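Structural characterization, general
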Amino acid sequence: MQFDPGPRMNFVRRLWHRRRARRTRAPFPEAWFSTLREDVAHYALLDEDERARLRRCVAAFVSEKHWEGCGGLHIDDRIRVVIAAQACYLAMGLAHDAYRRLKSILVYPSAWVDPRGRKGFDGLDTSSPRLGEAWPHGPVILSWRDAQRAGRRIEHGRNVVFHEFAHHLDMSDAMHSTGSHDVLQRAYRTHVEQTRLGRTTLLDPYGATNEIEFFAVATECFFERPAHLRNDDPHLYEMLRRCYRQDPARREEAIDRTGT
Ligand SMILES: [Zn+2]
């Protein structure tokens, strides 16, 4: 006889939705508004509907994840909101439970060296100071100093929070886009070649490490310098637009038109 998970699954799902709705209906704390305005530059790029959606996502993300300070860092709401807002910004076009597999966020005060001497998932050696890590079925780990810097500045093309959460979304299959692998492979090979020749590239040369890192590096550029990426490689831009179901270059153009 086949086990039918239907009724129980429906019950669990209904319970989850009810809890999520309760969290997102609660008033958004005034102090969190200030944090978004002062410490998350990307928040200003959104229209009113998108801002409301981001706030609902932040409220759920902050309360549903386990947050842990490492290396003596005391976790407070500012840290939670700055990191959650950037993670949610990335996933705004995806299903509302895109981060359901992520349980924990670990935060160090600044760059750290792995205390257990593990090799990073990206293959970096153990003595390299790390700004962020994302593990399959494991936590996302971040340097607070660099996460805060990423939140406050846009357009330099790098963002450690986007980078690590892009890894997480990539590993958890939260994004689907047919034909994306061919586009990614071609763009990766070109990037490796340009880097090998010592040419200046729009994408961080670190993207030449492997295809997984290339995707995370391209994500950073897609959200931080979208118009540049669209000019530089329209196919890669289009692939990322379909993956994330967002069009940040158009968002940028709309802001330029209205001057806000
Ligand atoms: Zn990486």
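Cut-offs applied
- Residues numbered from 1 in each chain as written.
- Predicted model: local features only at pLDDT ≥ 70, side-chain atom pairs only at ≥ 80, totals over all residues.
- Heavy atoms only, no water.
- Core = buried A, V, L, I, M, F, W, Y, C linked by side-chain atoms within 4.5 Å.
- Buried < 20%, exposed > 50% of the residue type's maximum accessible area, 1.4 Å probe, protein only.
- Helix = DSSP H or I, 4+ residues; strand = E, 2+ residues; numbered from the N terminus.
- Domains from an automatic or database assignment.
- Contact = heavy atoms within 4.5 Å.
- Axes fitted to C-alpha atoms, helices over the stretch in contact; angles between N-to-C directions.
- Parallel < 35°, antiparallel > 145°, perpendicular 65-115°, else oblique.
- Left-handed = near helix turned anticlockwise from the far one by under 90°.
- Disulfide = S-S within 2.5 Å.
- Pairing = 2+ DSSP bridges.

1. Remarks on the nonpolar core
Soluble, globular proteins show a tendency: their nonpolar side chains are buried together. Grouped together as the largest cluster of nonpolar side chains are 66 residues, with contacts concentrated most on V58, F61, F165, L169, L236 and Y244. Ranked by the residues each element gives to this core, the list is headed by helix α4 (residues 77-90), at ten residues. Counting only domains with at least three residues in this core, you end up with domain 1 (23-153) and domain 2 (176-254). Apart from the residues lying within four places of it in its own chain, the contact partners of F61 are W67, A84, A87, C88, Y99, L102, I105 and F165.

2. Observations concerning the packing of helix α3 (residues 48-64) against α4
Interaxial distance between α3 and α4 falls to 9 Å at its minimum, and their mutual angle equals 125°. Looking at the two axes, α3 sits oblique to α4. Note that α3 runs across α4; the crossing there is right-handed. Two secondary-structure elements touch here, α3 through L54, C57, V58, F61 and V62 and α4 through R80, V81, A84, A85, A87, C88 and Y89.

3. What about the state of the cysteines?
Disulfides are covalent bonds that link the sulfur atoms of two cysteine residues. All chains considered together, the criterion is met by one disulfide. The disulfide partner of C57 is C88, and the S-S distance across this bridge is 2.4 Å. Judged by the sign of its S-S torsion, about -80°, the bond between C57 and C88 is left-handed. Taken as a pair, C57 in helix α3 and C88 in helix α4 lie far apart in primary sequence, 31 residues in all. The partly exposed category is assigned to C57, whose relative accessible area is 26%.

4. Topic: unusual backbone geometry
Negative phi values dominate among residues other than glycine, just as trans dominates among peptide bonds. Positive phi outside glycine occurs at H137, with the angle close to 60°. For H137, the location among the structural elements is in the loop between β3 (132-134) and β4 (140-143). Given the relative accessible area of 81%, H137 is considered exposed. With a phi angle near 50°, R245 is a residue other than glycine that sits in the positive phi range. Tracing the sequence through the fold places R245 in the loop between α10 (234-244) and α11 (248-258). For R245, a relative accessible area of 51% corresponds to the exposed category.

5. A few points about the sheet that holds β3
One open sheet holds the four strands; their spatial order is β1-β2-β4-β3, and the pairing between them is mixed. Only two strands of the sheet have a single partner each, and these edge strands are β1 (66-69) and β3. Neighbour-to-neighbour, the strand axes of the sheet open up by a mean angle of 15°, direction not taken into account. Pairing analysis gives three bridges linking β3 to β4, with the strands arranged antiparallel. Note that in β4 the partner of G132 across the bridge is L142. Helix α5 (residues 144-152) contacts β2 (104-108) and β4 of the sheet and is inclined by roughly 80° relative to β4. Sheet strands in contact with helix α6 (residues 160-171) are β2, β3 and β4, and its direction is about 175° off that of β4.

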